[in-house]
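What follows is each chain in one-letter form.
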Amino acid sequence: AYMNGITCICDNGRTLEDHRPIVGDDVISGIYRKAVALQGKRVLHVNSTYQSGGVAEMILSLVPLMNDVGVKTQWNILTGEGDFFTITKNFHNALQGQPIAFSDMERGLYLQTNECFSGQMAIDHDLVVVHDPQPLPLIRFYQKTQPWVWRCHVDLSNPDPALWEFLKGFVLDYDRMVISHDQYRRCGMPMEQRIIRPAIDPLSEKNRDLSEAEIQDLLTQYNVPIDKPLITQISRFDKWKDPEGVVDVFIEVKKHVDCRLILCGSMAPDDPEGWEIYRRVEEKARPYIETGDVILITAEDHLLVNALQRVSCVILQKSLREGFGLTVTEGLWKGRPVIASRVGGIPLQIEDGETGFLLDPTDTDGFAWRIRQVLENPELGERLGRAGKEHVRKHFLITRLLTDYLEMLHAELN
Ligand code: UDP
């Protein structure tokens, strides 16, 4: 993918046909049939660069498939200054329930960045999809001649009331809201709130099959030994992902089983919070880091994430809050046992005891107990992993996301 001005050109060379061996004939044929009445329709996606990686990745995989089935789809990315992203990061945290105070100046900059961006972008598409709060106010700066959809990927179940009141003012201009989970529905919204669950691309670098040699190379490159069982959490160093809590769990497990912990979280250069949390984790895990039993990785490398997920005996996701938890989906797709918090979208993916294990996010002992159980019974892990993979194949692959988008287009355009 590369940028042409504000437009992301993302032809990854993959077509719908490439997904046929993975999902089967019926799914592919269903998609072609849904696309018939939408040939030549033009759709615009807008998001912003610094929002969490998962969203951008989904759009990156979705856009080429939409184009492949005949819907002309463009992706524009809002750019802004650092201050803008500090404000929207605070918005993001506050939408997830953290109290916030925001000034008139901040509101002003939020609007001004959007207005400025609107000056760079003409819109004459048949449908506009705006992702998350960063570009939400854009709609104010256009003469609207088509349906607009606000696609919110954030957990909206308990937002800061004053912030929601402010943002709602923009949301009301939209024709439809799309959320990831039934529990994120906002009451009192006059427009339909459609649920579209996120998905992963089984053919992306992060999820495609890797050869033994590729895995070995990556582990060597990043100095990851596999002489002991690996427990892994792939997540930004973010308080909601609770990396410090993961270290507590590891310390408990380590009393009984010799194993290693990997915390892999790439670091956005503009995220001071990330480094602060990283240092706290480092402090807590210091003795284990010195012996090499805790490994912290801050590199951004999709193939590495893929390899780590494949070689881990347990994948953890001990989030305190979670919009959906794509890392859970990715871990399940690798056929690994995933042990995770019963929050946000995670229970949609994990049925406790069937496709993984669910725990209360603060239940350190419970996490440690489940990890030990899986480490001590590899067959249990294999069984959970196999079931988890089939669950993802059915519900959380990009072909299902494409199907949902085509259905939404039908609803909006016909
Ligand atoms: N991710 C990554 N490298 C990292 C940490 C995370 O590529 O070091 C990816 C991860 O594989 C997943 C996405 O970032 O695809 C995170 O999505 P998720 O829904 O789990 O959480 P978010 O970061 O959006 O809150």
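This section reports on the structure supplied with the text. Predicted model, so just to flag it, every value in this text is computed and none were measured. Here the residue numbering is sequential within each chain, running from 1 through the sequence in written order. Where local features are concerned, this predicted model is filtered to residues with pLDDT of at least 70; where side-chain atom pairs are given and counted, the filter is 80 or more; whole-chain, interface and lining totals use all residues. Heavy atoms from the whole structure form the basis of all side-chain values; hydrogens and water molecules are not counted.

1. Regarding the sheet that holds strand β11 (residues 294-297)
Stage number 1. Ordered in space as β11-β10-β9-β12-β13-β14, the 6 strands form an open sheet in which the pairing is parallel. Two strands close off the open sheet at either side, each with one partner strand: β11 and β14 (357-359). The mean angle between the axes of side-by-side strands here comes to 20°, regardless of whether they run parallel or antiparallel.
Stage number 2. One ladder, built from 3 bridges, connects strand β12 (residues 314-317) with strand β13 (residues 338-341); its direction is parallel. If you follow isoleucine 315 over to β13, its bridge partner there is valine 338.
Stage number 3. Any two residues whose heavy atoms approach within 4.5 Å at even a single point are treated as in contact. Every angle, taken between N-to-C directions, lies between 0 and 180 degrees, and every axis is a line fitted to C-alpha atoms, over only the stretch in contact when it is a helix. A run of H or I in DSSP counts as a helix once it spans at least four residues, and a run of E counts as a strand once it spans at least two, with each numbered from the N terminus. Across the sheet, helix α8 (residues 243-254) touches β9 (230-234), β10 (260-264), β11 and β12, and the angle it forms with β10 is around 170°. Here a strand pair is declared whenever DSSP counts at least two bridges between the two strands.

2. Here we look at the pattern of salt bridges
Stage number 1. Just to be clear on terms, a salt bridge is a Lys or Arg side-chain nitrogen sitting within 4 Å of an Asp or Glu carboxyl oxygen. Taken as a whole and judged by the stated rule, the model has 37 salt bridges.
Stage number 2. When the shortest N-O distance is used, the salt bridge between arginine 42 and aspartate 124 registers 3.0 Å. Here arginine 42, found in strand β3 (residues 42-48), pairs with aspartate 124, found in the loop between α5 (104-118) and β5 (127-131); they are 82 residues apart in sequence, far enough to count as distant.
Stage number 3. A salt bridge links lysine 239 to glutamate 273; the shortest N-O distance between them is 3.6 Å. Of the two residues, lysine 239 is situated in the loop between β9 and α8 and glutamate 273 in helix α9 (residues 272-290); the sequence distance between them amounts to 34 residues.
Stage number 4. Judged by its relative accessible area of 32%, lysine 239 falls in the partly exposed class.
Stage number 5. Relative accessibility under 20% of the residue-type maximum defines a buried residue, over 50% an exposed one, and the middle range a partly exposed one, all with a 1.4 Å probe and only protein chains included. Residue glutamate 273 is classed as partly exposed on the basis of its relative accessible area of 27%.
Stage number 6. Three or more residues joined by partner-sharing salt bridges are found here, namely Asp227, Lys228, Lys254, Asp258, Arg260 and Asp293.

3. Focus on the packing of aromatic side chains
Stage number 1. Each aromatic pair joins two rings of Phe, Tyr and Trp (for Trp, the six-membered one) with centres within 6.5 Å, and gets the label stacked for planes under 30 degrees apart, edge-to-face for over 60, and tilted for any other angle. Overall, the coordinates contain 15 aromatic pairs when judged by the stated rule.
Stage number 2. Both rings, one in phenylalanine 237 and one in tyrosine 278, keep their centres 5.1 Å apart while their planes meet at 75°; by these two values the pair is edge-to-face. Pair noted here: phenylalanine 237 is in the loop between β9 and α8 and tyrosine 278 is in helix α9, with a separation of 41 residues, a long-range link.
Stage number 3. For the ring pair phenylalanine 250 and tyrosine 288, a centre distance of 5.6 Å and an interplane angle of 85° mean the geometry is edge-to-face. Of the two residues, phenylalanine 250 sits in helix α8 while tyrosine 288 sits in helix α9, which places them 38 residues apart along the sequence.
Stage number 4. Exposure remark for phenylalanine 250: the relative accessible area of 2% places this residue in the buried category.
Stage number 5. Charge-over-ring placement is defined geometrically: NZ (Lys) or CZ (Arg) within 6 Å of the ring centre, and within 35 degrees of the ring normal. Above the plane of the ring of tryptophan 164 lies arginine 186, whose end atom (NZ or CZ) is 5.2 Å from the centre.
Stage number 6. The ring of phenylalanine 367 carries the charged tip of lysine 318 above its face, separated from the ring centre by 5.6 Å.

4. Some thoughts on the site of the ligand
Stage number 1. What makes a residue near a molecule or strand is one non-hydrogen atom of that residue sitting within 4 Å of it. Taken together, the neighbourhood of the ligand is formed by 18 residues, with Arg236, Lys241, Ser266, Leu326 and Glu330 sitting nearest.
Stage number 2. Using the Shrake-Rupley algorithm and a 1.4 Å probe, accessible areas are obtained, with residue cover drawn only from the displayed protein chains. Within the complex, the protein chains bury 91% of what would otherwise be the 540 Å² of accessible surface of the ligand.
Stage number 3. Within the residue set of the shell around the ligand, elements represented by two or more residues are α3 (53-68), α10 (302-311) and α11 (326-333).
Stage number 4. Note on residue categories: nonpolar means Ala, Val, Leu, Ile, Met, Phe, Trp, Tyr, Cys or Pro, charged means Asp, Glu, Lys or Arg, and polar means any other residue, Gly included. When its residues are assigned to classes, the shell around the ligand shows 4 nonpolar, 8 polar and 6 charged.

5. A closer look at the layout of surface pockets
Stage number 1. Its volume calculated, the second largest pocket comes out at about 310 Å³.
Stage number 2. Definitions used for this entry: grid spacing 1 Å over protein atoms alone; cavity, a set of points where a 1.4 Å probe fits but cannot get out; pocket, an open set with protein on both sides within 12 Å along at least 5 of 7 lines; lining residue, one with an atom within 4 Å of a point. Forming the boundary of the second largest pocket are 21 residues, of which Arg14, Glu57, Leu60, Ser61 and Ser204 lie nearest the centre.
Stage number 3. Elements with a minimum of two residues in the lining of the second largest pocket: α3 and α11.
Stage number 4. Sort the elements by how many residues they give to the lining of the second largest pocket and α3 lands first, with 5 residues. Grid points are joined across faces, edges and corners, and a volume is the space filled by probe spheres set on the points.

No statement about biological role is implied by the geometric values presented.
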